[in-house]
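As a plain string of letters, each chain reads:
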Amino acid sequence: MARSTTSFGLQATPKHPVSLTVNGDEHDLLIEPRKTLLAVLRDTIGLTGTKEGCSTGDCGACTVIVDGKAVTSCMVLGVTASGKEITTIEGLASDGELHPIQQAFIDTGGYQCGFCTPGFIMASKALVDENPDRTEEEFRHALGGNICRCTGYTKILEAVLQAAEEIRTIS
Amino acid sequence: MSEYSVVGQKLPRVDAVEKVTGAAQYGADVHPAGMLYGKIVRSKHAHANILSIDTSEAEKLPGVRAIITQDDVPSGRRVFATDKVLYLGEPLAAVAATDPDIAEEAAELIKIEYEVLPVVQDVIESIKSSAPRLHGDATKDGPNRRDISAKIKKLADQVDSNSDEIRKLETELEKHTDEVYYNISAESHTEAGDVEKGFAESDVVVEDTYFIPRVHQTYMEPHVSVASADSSGKITVWASTQGPFAIRSGIAGTLGIPLTQINVIGTTMGGGFGGRFGVIITHVPAVLLSQKSGRPVRVQMTREEEFLDGRPAPGCVIKLKTGATKDGHILARQALAFWDSGSVSGASIGSTIRVRGVYKIPNIKVDAYGVHTNKSGTAAYRAPGAPQAIFAGESQLDDIAEQIGMDPVKFRLMNMREEGDAVPAGGSEPKVGYKETLEAVADAAGWWDREADENQGWGVAVGDWTNGCGPGGVYVSVHEDGSARIFHGSMDITGTDTAITQIIAEILTIPYENVTIRRGDTDSAPYSTGSGGSVVTFTMGNTAKLAAEDARRRILELASERLNTNEDNLELRDGAVHVITADPPKSISLGELAAYSLSTTGGPIVGKGSFARQPSTPALAAQIAKVEVDPDTGRTRVLKLVASQDVGFAINPMAVEGQIEGGTVQGYAWAMMEEMQYGENGNINPGFVDYRVPTSADLPTVESVIVEVPAPNGPYGAKGVGEPPITPTLATMANAVNDAIGVRITELPIKPEKIVDALKNNGHEA
Ligand code: FES
Ligand code: FES
């Protein structure tokens, strides 16, 4: 009962060397095999922008981008991410400029408490990078793995559509 | 055009950048050096005697630094169960260790011996004499017994206690032994007029029983706190809470520690919706573990623990009866409600009176009981109690409208109270935009020329709620660069910091960007009420106004000194004080005045606002849904969802729309999908796979319509916004489904299987 938020219930075992590239920085770490990527990002590296809402892969709050794909980092063991390129919410803005998706969430009021927001922004980024031409209906379904309890999704969708539009016009 | 330049504008929120970059610090992001990880040991049974708790194995696990049970609570106040547990997941002990996985392993190693007892989860079963008792007999009389006993008491003053009349009544009382209710935690009774007479005069009387499930607020950030007790005894708690000051007094009271020895730092809150005021859920265990280990300790719940030991919204069963004339006048309404308050008292039973809605109902009677079951206790959830009562009330209104052949919107409009009308069992009606709000949603949704294909239907409902009000304090300082800084102690809840900032910028006539806001902890900030009950904009908005006006007084005083003219000749405009009559124009900027103030006898520009109470004004939410039901699968698709609300005045329309949209979707979810389910041994769906909350894939865009009928005491006329939008949606959905397929569902949530079953009973062949 009350399964751990950070492990898969595995027993403590010797730590393994792991190299991760997170937001462009290389980290050589020694981590227990039972630690999730989420736990590594938050507890070991100290990047707490990625959130933990369920630990069971069902809410999307922990979404990060691993080698270009959005993944729920609570469902990935840290050791299996070795050698991969990871982008978290902290790595999205560049040179003090917010990413268009971040700006769109601000402009439309696409967040309230903000707890789901890092996950939504990362999930949206992966979707928009992959194909910014989705319709609202398609985005609604594609974002179905992320839960927001505050907004009712209307303004989140506005944000994603605004960002997709902007990215379409720049590219 | 608005007469204001900053309030009433859709401005980005003050916390925008930190929220979209991951910089905002939520509870679990706090990590003081040397921090340990706490884990609560929970009951594995829903009802059991505790025979023993053995911590010896856990103590031996390397990395374990502290283990606590009720023996470690010096005040004796119940934090952990000792002799008996009343629900699955009830806390029995807690562990702190150097790693979260070690803490969890240690928790598993604590051996607890139980003697399992019979369980009761259903309120209707729990009130019977055959039910297991949670807290002794705890009996109360039902409505008939109460009425008869009252009659006997009245008569006893007039006649001999052996009189025939009294004996007849006593025999009558005997007949109602089934109305001795057990496991009752609380009761509430309200009456106005004479319902029996009202029903007798009615042409149509409808009666039904409504079942509303227990649902979880499911704020996305689970409960968390970090506590640090230093060697002097000073305790610092980083708490994700709606009310840091309430947590401070709660910890002090529970542990018998002086208030001033506790500092609560409210962290950014990942949603609350009323469910984030609890003191012993994580805060007290974290403090006790820190005291025992001498290290900072974080106690963070998992989502599963949230479902087992959070404080969700109570479910209830409401028997409701309504009578009306055939030309559409509601004459009487009577309710008997049983609220599932779980193992402790506290369900919002008083909200049952909300079955009266915003209608002129001359005769009303409400009897409500809180009933114990083997579940965790309950707490507020967005307009606590109102969605449940309004679901029953507004569902039944549609049934009456149908029976007398009247349009549901017209029927409601015709019965709505107007300014000055008596409120059944409660005062008289202020000016509220009841009709305006309902008309606005009807117009926006296209109600008057609505069309529906086969299996499509439209539903309407309204819900009312009045915001709370509480004490608050705000300081505002004006600096030499002309900027202003706000200091206060209330938690931001969905943009309230932004509203406060807008109000101060408006009054000081400076750009919104030049005003910043900072929250203090309970050691530094002025007292502030909790951020719940839609109080913040009303309370803190008024407080902010007072502070800004106080600052403006000092500004004009300084300007009058500096410009050598009477204050009557001065005007604060565009961030400067102008001499009204001067030609050529003469003015001095706020920055210059702030610089000048530093060398004056009166000193810097500091405005103070402090406020506690003003009567608040009800708000109305009105909603219309269009749905399509697949009669074969029972699936309901929402085609349109329109929500209007009388908000008094929208200080930030973007934030207000967000509240309306979010609250409406929570109401939708309560109607259609959410339900905490309980089996023989407690909650059986403690996770998002089995407890489904809506995602973006479940819904269309929610269209929000803002109606502004100002509240006399609200800042700029604003009234509470956060709670009303959840109140009508449960009934809106049920009414739409009824319109689509002619089936009245009285038991939520309206899952596909219920629709299929109901249609089968009506003769539909799948
Ligand atoms: S925390 Fe990973 S999906 Fe919820
Ligand atoms: S903004 Fe609060 S959960 Fe999405």
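Our structure is the block above this text.
Residues numbered from 1 in each chain as written. Chains lettered and ligands numbered in written order. Predicted model: local features only at pLDDT ≥ 70, side-chain atom pairs only at ≥ 80, totals over all residues. Heavy atoms only, no water.

(A) Representation of helix α19 (residues 752-761) of chain B in the model. All names here are of chain B. Those residues of α19 that fall on the buried side of the exposure criterion are I755, V756, A758 and L759. Across the axial projection of α19, the buried residues extend over an arc of 165°, all falling on one side. Opposite the buried face of α19, at more than 90 degrees from it, the exposed residues are K760 and N761. As for α19, its buried residues are in contact with β26 (618-629), β27 (636-646) and α18 (729-741). Two residues or fewer after α19 comes G763, characterised by a positive phi angle close to 95°. (Buried < 20%, exposed > 50% of the residue type's maximum accessible area, 1.4 Å probe, protein only. Helix = DSSP H or I, 4+ residues; strand = E, 2+ residues; numbered from the N terminus. Arc of directions from axis to C-beta. Contact = heavy atoms within 4.5 Å.)

(B) A look at unusual backbone geometry. All names here are of chain B. A cis amide bond, omega 0°, links D583 with the succeeding residue P584. In this fold, P584 is placed in the loop between β23 (576-579) and β24 (587-589). Between L748 and the following residue, P749, the backbone shows a cis peptide bond with an omega angle of -5°. Within the fold, P749 resides in the loop between α18 and α19. A positive phi angle, near 55°, is found at N183, a position not held by glycine. For N183, the position within the fold is in the loop between β8 (180-181) and β9 (184-192). Take N183: its relative accessible area is 0%, and that puts it in the buried class. Phi is positive for T494, which is not a glycine, with a value near 45°.

(C) Focus on the pattern of salt bridges. This structure, assessed with the given rule, holds 56 salt bridges over all chains. Note that A:E136 is salt-bridged to A:R140, the shortest N-O span being 3.1 Å. Of this pair, A:E136 and A:R140 are both found in helix α4 (residues 136-142), four residues apart, which corresponds to roughly one turn of the helix. The exposure class assigned to A:E136 is partly exposed, which follows from its relative accessible area of 28%. Classification of A:R140 by relative accessible area gives buried; the value is 1%. As a salt-bridge pair, B:R276 and B:E221 come within 3.7 Å of each other at their nearest N and O atoms. Here B:E221 lies in the loop between β10 (204-212) and β11 (224-229) and B:R276 lies in the loop between β13 (262-266) and α9 (283-293), a separation of 55 residues in the sequence. (Salt bridge = Lys/Arg side-chain N within 4 Å of Asp/Glu carboxyl O.)

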